[in-house]
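Spelled out, the chains give:
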Amino acid sequence: MPLTTISQPLASAPQLAWTIYASFLGAVAVLLTPSSRPQFTRWVALLTSVVGFVLTLGAVLQYQPGSLLLVADSTWIPQLGIRYTLAADGISLTLLLLTGLAAMAGILFSWNIEHRTREFFAFYLVLIGGVYGVFLSFDLFLLFVFYEIAIIPKYFLIAIWGSAPNGDTRPRQYAAMKLALYSFAGSALVLIGILAAWAASGSHTLNLAVLAHYPFSQHFQMWAFPLIFVGFAVLAGLWPFHTWAPTGHAAAPTAASMLLAGVVMKLGAYGCLRVAMMLFPLGLAPWGFHILGLGSWRDVFALLALISIVYGASVALVQRDFKFVIGYSSVSHMGFVLLGLMTLSQIGINGAVLQMFSHGIIAGLLFAVVGRMVYDRTHTRDLAALGPMQLSYALPFAAVTFTLAAMASVGLPGFSGFIAELQVILGVWRSMPWMVFAVALGILIGVAFTWRALTRVFFPASQSDESPAPIEHPLPPITLPERAGALLLLTATIIVGLYPHILMRLILPSLQSPLFSALRNGGWR
Amino acid sequence: MNPVSYAELLRLTLPQIALTVAAFFVLACDGMLLRRSPIAVRARIAMLLSLAGSLVALALLPLTAPVHLPDGMLVLDARTGVVQVVLLLLTLAVTLLSGSVLVQQGREASAFTTHIGEFFALLLFATVAVLFLVSTQNLLLIFLAVEFLSLVLYVFTAFNKHSRASAEAALKYFLFGGMSAGFLLFGISLLYGISGSLDLQQIALAASQPDSLLLAAIVLVILGFGFKIAAAPFHLWAPDAYQGAPSLSAGFIASSSKVVGFFVFAQVLFIGVASASGNAAWHLSAPGWMPILAAVAVLSMLLGNLAALAQTSLRRLLAYSAIGHAGYLLLGLIAHTPQSLAALLYYVFTYALAVLGAFGVLAVLETNGIDSLSSLAGLSRRSPTLSACLLVFLLSLAGIPPLAGFFAKFWLFAVALQAAPAFGLLWLVILAILMSVVALFYYLRVLRQVYVAPMAENATPLSSPALARITLLVMAALTLLLGCAPNLLMQRLR
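Note that the structure is a prediction, hence the values are computed from the model and not measured.

J.: Hey, could you run me through the overall build of chain A in this one?
T.: Along its length, chain A carries 22 helices and 5 strands. Computed over C-alpha atoms, the radius of gyration of chain A comes to 22 Å, within 12% of the 24 Å expected from 2.2 N^0.38 for 525 residues, which places it in the range of a compact globule. Considering only C-alpha atoms, chain A reaches an extent of 75 × 55 × 40 Å along its principal axes. Per-residue burial over chain A gives 66% buried out of 525 residues. Within chain A, residue pairs in contact and separated by at least 24 positions form 82% of the contacts whose partners lie at least 6 positions apart. Treating the 24 positive side-chain charges of chain A as one cloud and the 16 negative ones as another, the clouds have centres 5 Å apart.

So this is what it looks like as C-alpha cells:
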C-alpha cells in the first residue's frame, strides 16, 4: 500500500535519500583511495558526512511543521507487501540532524587514525548510512534492515581500532562481541515482533503509517509491545540490559564511542517510540491486576528507566576509569529518554526526543575530550593518574571544553540538556508524581559524578594557583580538527539550549500528527 | 494411459544425456590422450569440457510446457525448471572453482589428486543424478537417483587418496548412508504396499486416511531423508565428511545435495503423504510427520548451533552450522502452505550459494596451507578480495541484511507464522531466531580472525587463481543482489 493513502500533508524531499546513498558510496570511495595518502581518505570521509548534514539541514529549513516528507516510495517485494518507503517527520529530522552533526564531529576527532585508515572510515560510513536509513525508513522491514546493517560495523570498529590498555586486546574483543551479541539479541526480539505484526495484520503491508492505524487486538498488543520495546531498549541502554554500553563505550575508539552514545543508543530509543509505542499503544494499557505494585507495561518500563537514571549515575560516581564515568552517565541520561517516553504525555515525549538530540551532542563532546584529547595524549584513563598531570595547564582547550560539556551534561540552563530534562520532569510530575523525587535524586548524583570527574582530572585540589613547573615531555597540542569538532558540537548544544524552538517546532507538531493518533487516543495522559 | 514415445523421452532427458556424454568425453580425453601431460593442462582441459557439458545441458533444459509422464516418472513444470537451473549453476561454480584450484595446485605439484578426469566425470554424473531427482515423482526412480547420487558422493568424499581423514570420512558416510538407504527403501516398500503404486499422486489418493502403517512408512522415509539433509540426529556423518573430503567435494555435498534433498523431501511429504501431516502447533499437536519434523528441527537447531560454538576447524564449523540450517529449513516443510515451498527453496538456494562460496574460499586458502581458524589470522591484509568474499558468505549465512540469507530467513519465518493455525509455529520461530543469535557469535569469531587478528610476522600476500577469484566475486555479488532484490528469484518460485 503506498504511503499517499494516509491523511497527512505530504511534501516531497527525494534528496534526503542521498544521506544514505552518499554514506554507502562514500564507504566505497574511501576504500578506493590510495593507501599511501591517508589525508586524502580523511577528506573524502569528511566530505561525505558534510553532504549528509547539508542535505538534512536543507530539508529542515524547508520543512512545514506537522507534514510528512516523502523521500522514496516504490515497490520492492510485492509478494510480501514490502515497499521501499523512506519518509521523514519532525522526529526523524531531529535525529537526522543529530546524525549529521555526530558523523562530522566523529570524523574530525578520528583525524589521527593511522592504522588501516581506509577500512576505518569505510566501516564508519557504513554505520552512518545504516543510522540514516533507520531514521528515514517508513517500512518496518526496511527499518529493520538498516538497523541490522549498523550492527556489524560497530563490531569491527571496536574490535580493530579500540583501545588496548597495556597492549592487551582482550578487553576490546570482549566488548565488541558483547555489543554485537546484545544488539543482535535485541533485534531478534524486534524481528519476532515484526513478523508477528505482519502476520496479524493480514500479511499485506509493513508500512508504518498504515500499521499505525491498523486495529491490532489488545491481546496481541499486550505481548507484541513489550517484545519490541525491550528489543529496542537493549540498544537504548535500559537497565538491566545496559551492560554492553559501559564496556562498549570504554573499549571503542573515540569516534565509535561518540557514535555509540551519540546516535546508536538513539536508534534504540527511536525504535521504542516509532515502532513499539506508535504501533502498539494498547500494550501500555493497564493489565487489570497488580504485581508488586506494577499495573501495566508502562509502570514496568518507567520503573526500569528510573533505575537506569539512578543506578547509572551512582555507578558513574565510583568509577576510577574516566571513560567508564562517561559510559555510565550515558546509561543514566538515556534513562531520561525512556522515562520521558513512558510519561505518555506530549510534553514528556517531546522532552524525550529533545533529550535524544541533546545527549547525542553532549555525550559525543564528553567522549571526544576523554578519548581523543586526553587519552590519546596521556595514554591513561585512570582518574587518579590524570590528576597530577595538571591538564588544565597542559591542555587548556580540553579543560574548557570539558567544563562546558559538563555544565551541559548536568543540565544547566543555556544548554540543550536543561530544556530536555525539564520537560521530561514536567511530564513525570503530571503522570507519575512520586517518581519525581527519585529523578531528582538521580540528577543530584549526576551533578556529583560530573563534578567529581571534572575536578579530579582537570582541577585537582592539590593543584597550586601558580603556574606549574614546565613538564619534561609536553603533551602534543590540541589540533585544528579537534578544535573544529568541539566547536561544532558546543555550538549545537548552545544554540538548542538558547533557542529550543528550532527543534521543538519540528517535534511537537509531529507528535500531534495522525501517525500518533492511536497513541494519543490510547492512553495519552 | 497415454503411451510415451521414446523420442519424447529422449527430448525431455536431453540435459542428462548431454551431461553423461560430456562425462564420458572427459574420462576418455583425460584417460587416453592426456595421461602423460602435466596436471595443470589436464585440469584445464577437463574443466573446459565439463563447463561445455553443463552449459549445453543448461541450454537444453526443457523449460517450455509442463510435462507429466505416466506413473510420475518424469514431471516437469516451472518450479522444477528453476531448481534444475540452480543445480546446473551450482555445478558450473564447482567446476570453475575446482578447475582453477587444480590448475594452480598442478603448477605447484601439490594437487590433492591425480585423477583429474575422474573428478570432473563424477561431478557431472552427480549432476545427472540431481537433475533426475528433481524431475520425478516416482518413488522407485527417486530411490535409484538417490542411491546413484550417494554412490558418487561417497567416492567424492574419499577422493583424496593421501589423506586418512578422507578415507575415514568416506567410510562413515558410506556406512550411515547404506543404513539410511535401507530405511528409505523399507519406507518406500510400505508405501507401495499401502497404495499399490509408486507414483506420489496415486499414493496420495490411496493413503488419504492416516493409519499406523502409513505413519510407520513416513517415519522410515523421514529417517532416510533426514540423513540426506544432515538433520540431527541423523547428522553424524556430516562433520567428518565435511572435514575429510576435498573442499570442493564438500562444497558440492553441502550445496547441491542439500538443495535436492530438501526438494525431494518436500515433494514426497507434500504430494505423497500430505494427509498424514498431523500438526506441530504447540497447543494443537496431532500425530503425523509435522510433529516428528518439529522434533528433528528443534534438535538440529540446538545441536548444530551449540556444537558449532566449540569448533576450531573451519570446515567442522560449517558442518555444524549446516545442521543448524537444516533445522531452520525444516520449518518450511512443517509450515506446509502454498508459499512455504517457495520460501524453503529460496532459503536453500541462497544457503547453497553462500556455503559453496565459503567452501570455495576455503579451497583457495587450503592450497596456501590455511585450514584452521587460527591460521586465518590477518587474512584481510593478505588477501582483501578473498576476505571480502568470505565476509559476504558468512554474514549471509548468519542472516545479516542486506544479504540474501537475511531475506531467506525473514520469508521462511514469515510463512511459518502464517501457517494455520495462525501463530501455531511461533514457538519454533522464536527458537530459530534465538539460535541465529548464537550463530552470529561463531560466524563473527571466524571474521574476527580474518579482519581483527594481527597478521603473523612472516605472512606474505596470498596467491589465488584469478578465475577462482572472479567466480567467488560473482557469487558474492549474487548473494548481495538476491538480498537487495529478492523479487528477482521470488517471482520465479511461484
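J.: Looking at this structure, I do not really get the pattern of salt bridges. What am I missing?
T.: Pairing is possible between side chains that carry opposite charge, provided their charged atoms lie close to one another. All names here are of chain B. Counted by the stated rule, this structure contains 14 salt bridges over all chains. One salt bridge connects aspartate 30 with arginine 42, and the closest N-O pair in it is separated by 3.0 Å. Here the residue aspartate 30 occupies a position in helix 2 (residues 14–33), and arginine 42 occupies one in helix 3 (residues 39–60), the gap between them amounting to 12 residues. Across this residue pair, the class does not change: aspartate 30 and arginine 42 are buried. We note a salt bridge from lysine 172 to glutamate 168, for which the minimum N-O separation is 3.3 Å.

J.: Any chance you could explain helix 13 (residues 322–342) of chain A here in plain terms?
T.: Because each turn of an α-helix spans 3.6 residues, side chains separated by three or four positions end up pointing in the same direction. Residues and elements named next belong to chain A. Relative to the 30 Å expected for 21 residues at 1.5 Å per residue, helix 13 spans 31 Å between its end C-alpha atoms, a close match to the ideal helical length. The distance from a side-chain oxygen at the start of helix 13 to the backbone nitrogen of lysine 323 is 2.8 Å, and the residue carrying that oxygen is aspartate 321. Remark: leucine 344 follows helix 13 within two positions and exhibits a positive phi of approximately 55°.

J.: Explain the packing of helix 7 (residues 170–200) of chain A against helix 9 (residues 218–236) of chain A here, please?
T.: Geometrically, a packed helix pair is captured by the angle between its two axes and the distance between the axes. Residues and elements named next belong to chain A. Packing of helix 7 against helix 9 leaves a shortest axis separation of 8 Å and a crossing angle of 150°. Judged on the interaxial angle alone, helix 9 and helix 7 are roughly antiparallel. For the crossing formed where helix 7 meets helix 9, the hand is left-handed. Two secondary-structure elements touch here, helix 7 through Tyr182, Ser183, Gly186, Ser187, Leu189, Val190, Ile192, Gly193, Ile194, Ala196, Ala197 and Ala200 and helix 9 through Phe220, Trp223, Leu227, Ile228, Val230, Gly231, Phe232, Val234 and Leu235.

J.: What exactly am I supposed to notice about the domain arrangement of chain B here?
T.: Size of an interface, as often reported, equals the accessible area lost when the parts are brought together. Residues and elements named next belong to chain B. Per the domain assignment, the segments making up chain B are domain 1 (1–135), domain 2 (163–272) and domain 3 (277–494). Each of domain 1 and domain 3 has a C-alpha centre, and these two points are 26 Å apart. On the side of domain 3, 20 residues touch domain 1, which itself brings 15 residues to the contact. Three residues, Arg79, Leu97 and Gln104, lead the burial of domain 1 against domain 3; their summed loss comes to 38% of the area buried on that side. At the junction of domain 1 with domain 3, the criterion picks out 2 residue pairs in polar contact (both at pLDDT 80 or more). Sort the elements by how many residues they give to the side of domain 1 that touches domain 3 and helix 4 (residues 78–107) lands first, with 13 residues. Grouping the constituent residues of the side of domain 1 that touches domain 3 by class yields 10 nonpolar, 3 polar and 2 charged.

J.: Any chance you could explain the interface of chain A and chain B here in plain terms?
T.: In this complex, chain A contributes 37 residues to the contact, which on the side of chain B involves 40 residues. For the chain A and chain B pair, buried surface summed over both sides reaches about 3,300 Å², with 82% attributable to carbon and sulfur atoms. When residues of chain A are sorted by the area they lose upon contact with chain B, Gln79(A), Phe184(A) and Leu195(A) head the list and together hold 18% of the total. Seen at the junction of chain A and chain B, the total is 0 salt bridges. For the interface between chain A and chain B, the tally reads 4 residue pairs in polar contact (both at pLDDT 80 or more). Tallied by class, residues from the side of chain A that touches chain B come to 31 nonpolar, 3 polar and 3 charged.

J.: Would you mind showing me how to read the sheet that holds strand 3 (residues 82–88) of chain A here?
T.: In a beta sheet, neighbouring strands are held together by backbone hydrogen bonds and run either parallel or antiparallel to one another. Residue and element names in this part refer to chain A. In spatial order, the strands read 1-2-3; together these 3 strands make up an open sheet with mixed pairing. Looking at the sheet topology across the chains shown, the edges are occupied by strand 1 (10–12) and strand 3. Each neighbouring strand pair of the sheet contributes to a mean axis angle of 45°, computed without reference to strand direction.

J.: Mind showing me how you'd approach a nonpolar patch on the surface here?
T.: Where nonpolar side chains cluster on the molecular surface, the patch consists of Leu10(B), Leu14(B), Ile17(B), Val21(B), Val56(B) and Leu60(B) and spans about 450 Å² of accessible area. Here Leu10(B) lies in helix 1 (residues 6–12).

J.: What is the right way to read the UniProt feature "domain: NADH:quinone oxidoreductase/Mrp antiporter transmembrane" (unreviewed entry) in chain A from this model?
T.: The feature "domain: NADH:quinone oxidoreductase/Mrp antiporter transmembrane" (unreviewed entry), as given by UniProt, occupies residues 138–443 of chain A in the numbering adopted here. Here residues 138–443 of chain A runs as 75% helix and 3% strand, with 35 Å between its end C-alpha atoms.

What counts as what
Residues numbered from 1 in each chain as written. Chains lettered and ligands numbered in written order. Predicted model: local features only at pLDDT ≥ 70, side-chain atom pairs only at ≥ 80, totals over all residues. Heavy atoms only, no water. Helix = DSSP H or I, 4+ residues; strand = E, 2+ residues; numbered from the N terminus. Rg over C-alpha atoms; globule rule 2.2 N^0.38 Å. Buried < 20%, exposed > 50% of the residue type's maximum accessible area, 1.4 Å probe, protein only. Contact = heavy atoms within 4.5 Å. Lys, Arg positive; Asp, Glu negative; His and termini not counted. Charge placed at Lys NZ, Arg CZ, Asp CG, Glu CD. Salt bridge = Lys/Arg side-chain N within 4 Å of Asp/Glu carboxyl O. Expected span 1.5 Å × (residues − 1). Polar contact = N/O pair within 3.5 Å; in protein donor to acceptor, adjacent residues only side chain to side chain. Axes fitted to C-alpha atoms, helices over the stretch in contact; angles between N-to-C directions. Parallel < 35°, antiparallel > 145°, perpendicular 65-115°, else oblique. Left-handed = near helix turned anticlockwise from the far one by under 90°. Domains from an automatic or database assignment. Buried area = accessible area lost by both parts, 1.4 Å probe. Nonpolar A, V, L, I, M, F, W, Y, C, P; charged D, E, K, R; others polar. Pairing = 2+ DSSP bridges. Patch = residues over 30% accessible without salt bridge, like charges linked within 9 Å, V, L, I, M, F, W, Y side chains within 5 Å. Areas by Shrake-Rupley, 256 points an atom, 1.4 Å probe, with all protein chains shown as cover. UniProt positions renumbered as here; feature names shortened; annotations may be inferred.

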